[in-house]
Protein chains: 2
Amino acid sequence: MTNKRLTIGLVQHACSVDPAANIETTIQGIRTAAERGARLILLQELHASRYFCQTEDRGNFELAETIPGPTTRRLGRIAAELNIVIVASVFEKRAAGLYHNTAVALDSDGSIAGRYRKMHIPDDPGYFEKYYFTPGDLGFTPVDTSVGRLGLLVCWDQWYPEAARLMALAGAELLLYPTAIGWDMQDPADERARQQDAWLTVQRGHAIANSLPVLACNRTGHEADPSGQTDGIHFWGGSAAIGPQGELLAQAATDTAEVVVVDIDLARSGRLREVWPYLRDRRIDAYQDLLRRFRD
Amino acid sequence: MTNKRLTIGLVQHACSVDPAANIETTIQGIRTAAERGARLILLQELHASRYFCQTEDRGNFELAETIPGPTTRRLGRIAAELNIVIVASVFEKRAAGLYHNTAVALDSDGSIAGRYRKMHIPDDPGYFEKYYFTPGDLGFTPVDTSVGRLGLLVCWDQWYPEAARLMALAGAELLLYPTAIGWDMQDPADERARQQDAWLTVQRGHAIANSLPVLACNRTGHEADPSGQTDGIHFWGGSAAIGPQGELLAQAATDTAEVVVVDIDLARSGRLREVWPYLRDRRIDAYQDLLRRFRD
């Protein structure tokens, strides 16, 4: 089996309250990654803005945009200019009163290769996403691009083995997660460490169970709670490239902007699956209850 | 929410070619764990014998026994004597020509609380399990015991998020894996390290995704290939107790017999699920294709 090498880039940064400044920061990171050889670049979740879901504020719907729209057009031009694939994250306005948290793949000719609308929507104090985002209705369907079949997923999906498996079963060659996750600094240091390690580890588990590389790009920096009720979120960065045996190939720092560039051999997944043939032995005759909420 | 503390024990050892000697080694380990406070003790996979699946040899069917049978009666008496629960692993003879790889929970009154027949059966050079074991037909059903509801699984199941999830959805309070896995020493050291780390990590992933503790008990020692065709298997030990955030609570050495005893708070799973409500947001409306072999 021949190799299929792909150099990937992760663009991790803090976000200001100024969307125009954020997109410039993002594009600067994209250019840096491309100069270092990246042909596929993953951006962090909702990179155009602060993580506005810390409060339920109707005014934030003004941040949403259509697809195609300003962000996908701008990034599509960059993708074509640099001959790369960019996976962006957009607060998608689908219709009046109907919004999604959407990952978009911009192909190397500048076109929109496809999109994924976040299927699992969290809602916790500080992450009020159920107010803003309708759960996705496109299913777990990979997007074909010039660099391969991409299993686009978003943040909270990271915790669901079902999402990773469905992408793998549909032939995804790697899994990609734009992310916005951080600490409540009221939690003690050992709890914060367990949380960040769990975040990385559950994704390493998806890589292993499916013999696929996994990419996660998270934002960094502290963002205040606009309501003033909490101390805000300290986004923990740590953007990671994980190999198909779950091995950590590269990881960004916790608290600084960073562009990670890593070379991956996509053909290694096929070789691994010959040695570890998990897909051969799935007991699909006995999995029906995965479709139940609880087995009670 | 109150605590629900449970001290668990893992009995890891090498196996000789003499089943009578092996059961004495196992019982000695059980007594050691119980003396150190363990109320639930997990044994390694097929602890009564060498890992006979290295070759396809009809003579090995003589190692099988019924349930109830000599091993479950012997261990049941020990469980009652020590007032503990023992999870054993038995080469089950169900009928002439019909065998399973079965985990059995022996309750603290000496009775058989229930059994789990290994659902995912591997078959690779050195692990010819499809010759010996019919795939389980009891489904992924936990066993109720005096120390809690146990999600009994076996070895190759470790690599399947579906198995862990189904046990969690059925109310399992912890996941337990009797195991027999090791290295082909022909593989280079870096590959061996990745394999052992993947084995631990994918189980840590199950712990995280389901907010459940996970126990794995593996054998240690080198066992020659009776056919002489390979260098045999070097079982990598590393029996592990994992907390419900995926944190490693304790792990045995790679190459020596060891009894691991750890105190676990089973109530922590419930507290974690309030902070990380994964079960709330599963997209059961979009998981149908988990019942397919491949989405092609």
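Up top is the structure these notes are about.
Residues numbered from 1 in each chain as written. Chains lettered and ligands numbered in written order. Predicted model: local features only at pLDDT ≥ 70, side-chain atom pairs only at ≥ 80, totals over all residues. Heavy atoms only, no water.

A. Local environment of the overall build of chain A. A count of helical and extended segments in chain A gives six helices and 15 strands. Seen through its C-alpha atoms, chain A measures out along the principal axes to roughly 55 × 55 × 40 Å. Of all 296 residues assigned to chain A, the portion counted as buried reaches 62%. The contacts in chain A between residues at least 6 apart in sequence include a share of 69% that link residues at least 24 apart. Carbon and sulfur atoms make up 50% of the accessible area of chain A, which amounts to about 10400 Å² in all. Distance between charge centroids for chain A: 6 Å, based on 31 positive and 38 negative side chains. (Helix = DSSP H or I, 4+ residues; strand = E, 2+ residues; numbered from the N terminus. Buried < 20%, exposed > 50% of the residue type's maximum accessible area, 1.4 Å probe, protein only. Contact = heavy atoms within 4.5 Å. Areas by Shrake-Rupley, 256 points an atom, 1.4 Å probe, with all protein chains shown as cover. Lys, Arg positive; Asp, Glu negative; His and termini not counted. Charge placed at Lys NZ, Arg CZ, Asp CG, Glu CD.)

B. Quick peek at the packing of aromatic side chains. Under the definition given, this model contains 48 aromatic pairs over all chains. Plain terms: the ring middles of Phe-61 of chain A and Phe-91 of chain A are 6.3 Å apart, the flat faces sit at 40° to each other, and that makes the pair tilted. One end of the pair, Phe-61 of chain A, is in the loop between β2 (40–43) and α2 (70–82); the other, Phe-91 of chain A, is in strand β3 (residues 85–95), and 30 residues separate them in sequence. On the basis of an interplanar angle of 50° and a centroid distance of 5.5 Å, the ring pair of Phe-61 of chain B and Tyr-131 of chain B is categorised as tilted. Placement of Phe-61 of chain B in the loop between β2 (40–43) and α2 (70–82) and of Tyr-131 of chain B in helix α3 (residues 129–132) is noted, with a sequence separation of 70 residues between them. (Phe/Tyr/Trp six-rings, centres within 6.5 Å; stacked < 30°, edge-to-face > 60°.)

C. Focus on the side chain of Asn-101 of chain A. Here Asn-101 of chain A shows up in strand β4 (residues 98–106). A distance of 2.7 Å separates a polar atom in the side chain of Asn-101 of chain A from a polar atom in the side chain of Glu-45 of chain A. (Polar contact = N/O pair within 3.5 Å; in protein donor to acceptor, adjacent residues only side chain to side chain.)

D. View of the environment of Thr-71 of chain B. Residues and elements named next belong to chain B. Assignment of secondary structure puts Thr-71 in helix α2. Here Thr-71 falls in the buried class, since its relative accessible area comes to 9%. Note: C-alpha distance between Thr-71 and Val-90 (19 residues apart in sequence) is 7.7 Å. Aside from chain neighbours lying at most four places away, what touches Thr-71 is Ile-23, His-47, Glu-65 and Val-90. Side chain to side chain, Thr-71 and Glu-65 meet in a polar contact 2.5 Å long.

E. Representation of helix α4 (residues 161–169) of chain B in the model. Residue and element names in this part refer to chain B. For α4, a buried count of nine out of nine residues is recorded, marking the element as mostly surrounded by other parts of the structure. Among the residues of α4, those classed as buried are Pro-161, Glu-162, Ala-163, Ala-164, Arg-165, Leu-166, Met-167, Ala-168 and Leu-169. At the exit of α4 stands Gly-171, carrying a positive phi of roughly 90°.

F. Layout of the interface of chain A and chain B. Taken together, the contact pairs 58 residues of chain A with 58 residues of chain B. Each partner contributes to the roughly 5600 Å² buried at the junction of chain A and chain B, and carbon and sulfur atoms together form 59% of this total. The interface formed by chain A and chain B contains eight salt bridges. For the salt bridge of Lys-130 of chain A with Asp-281 of chain B, the shortest nitrogen-to-oxygen distance reads 2.7 Å. Taken together, the links from chain A to chain B amount to 38 residue pairs in polar contact (both at pLDDT 80 or more). Those elements giving two or more residues to the side of chain A that touches chain B turn out to be α4 (161–169), α5 (189–210) and α6 (268–275) of chain A. With 11 residues, the top contributor of residues to the side of chain A that touches chain B is α5 of chain A. The residue inventory of the side of chain A that touches chain B, partitioned by class, reads 30 nonpolar, nine polar and 19 charged. (Buried area = accessible area lost by both parts, 1.4 Å probe. Salt bridge = Lys/Arg side-chain N within 4 Å of Asp/Glu carboxyl O. Nonpolar A, V, L, I, M, F, W, Y, C, P; charged D, E, K, R; others polar.)

G. The sheet that holds strand β3 (residues 85–95) of chain B, seen in detail. Residue and element names in this part refer to chain B. Sheet architecture is open: six strands sit in the order β5-β4-β3-β2-β1-β15, paired in mixed fashion. Of all strands in the sheet, those bounded by a partner on one side alone are β5 (112–117) and β15 (258–265). Ignoring strand direction, the axes of neighbouring strands in this sheet form an average angle of 30°. Note that β3 and strand β4 (residues 98–106) share nine bridges and pair antiparallel. Bridge pairing in β4 links Ala-88 to Val-104. (Pairing = 2+ DSSP bridges. Axes fitted to C-alpha atoms, helices over the stretch in contact; angles between N-to-C directions.)

H. Region of interest: the environment of Gly-238 of chain A. All names here are of chain A. Within the secondary structure, Gly-238 is located in the loop between β12 (233–236) and β13 (240–242). For Gly-238, a relative accessible area of 1% puts it in the buried group. Put simply, Gly-238 and Ala-216 are 22 residues apart on the chain and 8.5 Å apart in space, counted from C-alpha to C-alpha. When near neighbours in sequence (up to four residues on either side) are disregarded, Gly-238 contacts Gln-12, Gln-196, Trp-199, Gln-251, Ala-252, Ala-253 and Thr-254.

Nothing here speaks to function; it is all geometry.
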